[in-house]
Amino acid sequence: MRINVGNLAVCVWLNKVKTGSSMNQGFLQDVLAGLRLSQKALSPKYFYDEQGSEYFDQICQLEEYYPYRTELALLPDVAQELNQFFTQHSLDNVQLVEFGAGSLHKVKPLLQELPMVREFVALDISGEHLKRASADLAQSFPQIEIKVAQGDFTKPIRLELSEATSIGFFPGSTIGNFEPKEAVDFLRNARTTLGKDSYMLLGVDTKKDRQMLERAYNDSKDITAHFNKNILARMNRELDADFNLDQFRHVAVYNQKLGRIEMHLRSLVQQEVTIAGEAILFDQDETIHTENSYKYHPEEFEQLASSAGWQGEKTWLAPDGIFAIMLLRNAGG
Ligand SMILES: C[S@@+](CC[C@H](N)C(=O)[O-])C[C@H]1O[C@@H](n2cnc3c(N)ncnc32)[C@H](O)[C@@H]1O
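Basis of the calculations
- Residues numbered from 1 in each chain as written.
- Predicted model: local features only at pLDDT ≥ 70, side-chain atom pairs only at ≥ 80, totals over all residues.
- Heavy atoms only, no water.
- Helix = DSSP H or I, 4+ residues; strand = E, 2+ residues; numbered from the N terminus.
- Polar contact = N/O pair within 3.5 Å; in protein donor to acceptor, adjacent residues only side chain to side chain.
- Axes fitted to C-alpha atoms, helices over the stretch in contact; angles between N-to-C directions.
- Parallel < 35°, antiparallel > 145°, perpendicular 65-115°, else oblique.
- Contact = heavy atoms within 4.5 Å.
- Nonpolar A, V, L, I, M, F, W, Y, C, P; charged D, E, K, R; others polar.
- Domains from an automatic or database assignment.
- Buried area = accessible area lost by both parts, 1.4 Å probe.
- Salt bridge = Lys/Arg side-chain N within 4 Å of Asp/Glu carboxyl O.
- Phe/Tyr/Trp six-rings, centres within 6.5 Å; stacked < 30°, edge-to-face > 60°.
- Buried < 20%, exposed > 50% of the residue type's maximum accessible area, 1.4 Å probe, protein only.
- Pairing = 2+ DSSP bridges.
- Near = heavy atom within 4 Å.
- Areas by Shrake-Rupley, 256 points an atom, 1.4 Å probe, with all protein chains shown as cover.

The name an unreviewed UniProt entry gives the protein is L-histidine N(Alpha)-methyltransferase, with Idiomarina seosinensis as the organism.

Written out as structure tokens, the structure is:
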């Protein structure tokens, strides 16, 4: 299997074909375009340089951040049932493709239970972090061919598929970072990426009371605040910007009407910031919208997925319904 580059997503194999990365192309253009909007906005994909990935790992260890541990706790049961499901459907040669694979913690319970997975492809925008995580995974699973690639899943990604059945894996409720319409586009593209007869296993954070949601994004150790502000620090490092991080405050609120957590960075004063020579003005209290995290009722998500050509096959719910893992089948067409 090989990832084409061409005019699709730029993917760089990190342990196979090695070429230079151009992942930063577009960062400056995207930043300037986003900060010229009346509601200033940046894509959450730019959180994830090495420092941002490190902060995300710390977030996963926080007591307040229930999605990580809840999904991880659900996965061994999911894996056992998947084993039965794949066996019943005579799927004995499977390739698993993880989107936004991060530190590769969540694939382990799957690989432990699923001997039919012969190949694992991990894709992430944060290449060096992924490369390090994959070295550890390769030691634990020497029987599985592991390929890691740096790429951006907001663009279509084409894989040259082997004969194996492809199962996409998209944990972490990362799907919630897309606008619903973009989530449909991602899921539609993923059907093309994974090919016919494929499946997709997804982690979806569910709608729940505001207090639990807002607590998860406003931790007492301020790790989420550091993670959020890392996007400013990254612009200082990579784009010759001069943000003073102390002049911005992390804000995370649940927008109940839209069913999403919104993260913003609020300017504490009126100020001017320079990015690669361009001056950007901030009023006092003006915000940069840095992330959405949409929450879905499982039926609501199933409907969204079906509009992208995926049919709900099975849903596993965590206790109290606070998180869902869903298996979808490529409905073809
Ligand atoms: C919320 S974290 C989830 C990490 C891990 N999958 C988990 O469940 O713990 C999102 C992950 O997606 C990656 N990511 C974010 N935007 C991306 C993009 N546009 N293309 C590829 N990977 C991306 C990040 O680097 C990060 O590893």
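Having put the structure on the table, let's press on.
What follows deals with the side chain of Gln 150. The topology assignment puts Gln 150 in strand β5 (residues 145–150). A polar contact is formed between the side chain of Gln 150 and the backbone oxygen of Ile 125, at a distance of 3.0 Å.

With that settled, the discussion passes to the packing of helix α2 (residues 50–60) against helix α8 (residues 223–238). Where α2 meets α8, the axes come as close as 9 Å, and the angle between the chain directions of the two elements is 180°. Between α2 and α8, the interaxial angle falls into the category roughly antiparallel. From α2, Gln 51, Gly 52, Tyr 55, Phe 56, Gln 58 and Ile 59 reach across to α8, where they touch Ile 223, Thr 224, His 226, Phe 227, Asn 230 and Arg 237. Classifying every residue of the contact of α2 with α8 gives five nonpolar, six polar and one charged.

We now examine the domain arrangement of the protein. In terms of domains, the protein is made up of domain 1 (25–63 + 211–294) and domain 2 (66–208 + 296–330). Averaged C-alpha coordinates put domain 1 and domain 2 at centres separated by 27 Å. Contact residues are listed per partner, giving 23 residues for domain 1 and 21 residues for domain 2. Both faces considered, domain 1 and domain 2 share a buried interface measuring about 1900 Å² in area, 52% of it formed by carbon and sulfur atoms. It is Lys 45, Met 212 and Tyr 294 that lose the most area in domain 1 upon contact with domain 2, and together they represent 32% of the buried surface on that side. Seen at the junction of domain 1 and domain 2, the total is three salt bridges. One salt bridge in this structure joins Arg 260 and Glu 179, with 3.5 Å as the shortest N-O distance. If you list the elements that add at least two residues to the side of domain 1 that touches domain 2, you get α2, α7 (210–216) and β12 (287–294). The dominant element in the side of domain 1 that touches domain 2, judged by the number of residues it contributes, is α2, at five residues.

With that settled, the discussion passes to the packing of aromatic side chains. A full pass over the atoms with the stated rule returns 22 aromatic pairs. Their ring planes at 85° and their centres at 6.1 Å tell us that Tyr 65 and Tyr 217 sit as a pair that is edge-to-face. Here Tyr 217 lies in the loop between α7 and α8 and Tyr 65 lies in the loop between α2 and α3 (66–88), a separation of 152 residues in the sequence. Residue classification places Tyr 217 among the buried residues on the basis of a relative accessible area of 4%. Taken together, a centroid distance of 5.4 Å and an interplanar angle of 85° make the contact between Phe 99 and Phe 186 edge-to-face.

Turning our eyes to something else, we now look at the sheet that holds strand β2 (residues 40–41). The sheet built from four strands is open, its strands ordered β2-β12-β9-β8 with mixed pairing. Here the strands that pair on one side only, and so sit at the sheet edges, are β2 and β8 (248–255). With eight bridges joining them, β8 and strand β9 (residues 260–267) adopt antiparallel strand pairing. Its bridge partner lying in β9, Ala 252 is registered against Met 263.

For the rest of this paragraph, the subject is the environment of Leu 194. Assignment of secondary structure puts Leu 194 in helix α6 (residues 180–194). Residues Leu 194 and Ile 167, 27 residues apart in the sequence, show an inter-C-alpha distance of 7.2 Å.

Further remarks concern unusual backbone geometry. Most of the time, phi is negative for any residue but glycine, and the peptide bond is trans. The backbone of Asp 197 shows a phi angle near 65°, a positive value even though the residue is not glycine. Relative to the assigned elements, Asp 197 resides in the loop between α6 and β7 (199–205). Judged by relative accessible area, Asp 197 falls into the exposed class, the value being 53%. Unusually for a residue other than glycine, Asp 240 sits at a positive phi of about 55°. Tracing the backbone shows Asp 240 in the loop between α8 and β8.

With that settled, consider the side chain of Thr 70. In this fold, Thr 70 is placed in helix α3. Side-chain polar atoms of Thr 70 contact the backbone oxygen of Tyr 66, separated by 2.5 Å. Excluding its chain neighbours within four sequence positions, the residues that come into contact with Thr 70 are Ala 318, Ile 322 and Phe 323.

Moving on: the site of the ligand. In the vicinity of the ligand, 18 residues are found, and the nearest of them are Gly 100, Lys 106, Asp 124, Asp 152 and Phe 153. Backbone polar atom of Gly 172 to an oxygen atom of the ligand: 3.3 Å apart, as the coordinates give it. For the ligand, the accessible surface in isolation is 590 Å², of which the surrounding protein chains cover 94%. In terms of residue class, the shell around the ligand is made up of six nonpolar, seven polar and five charged. Each of domain 1 (25–63 + 211–294) and domain 2 (66–208 + 296–330) accounts for three or more of the residues forming the shell around the ligand.

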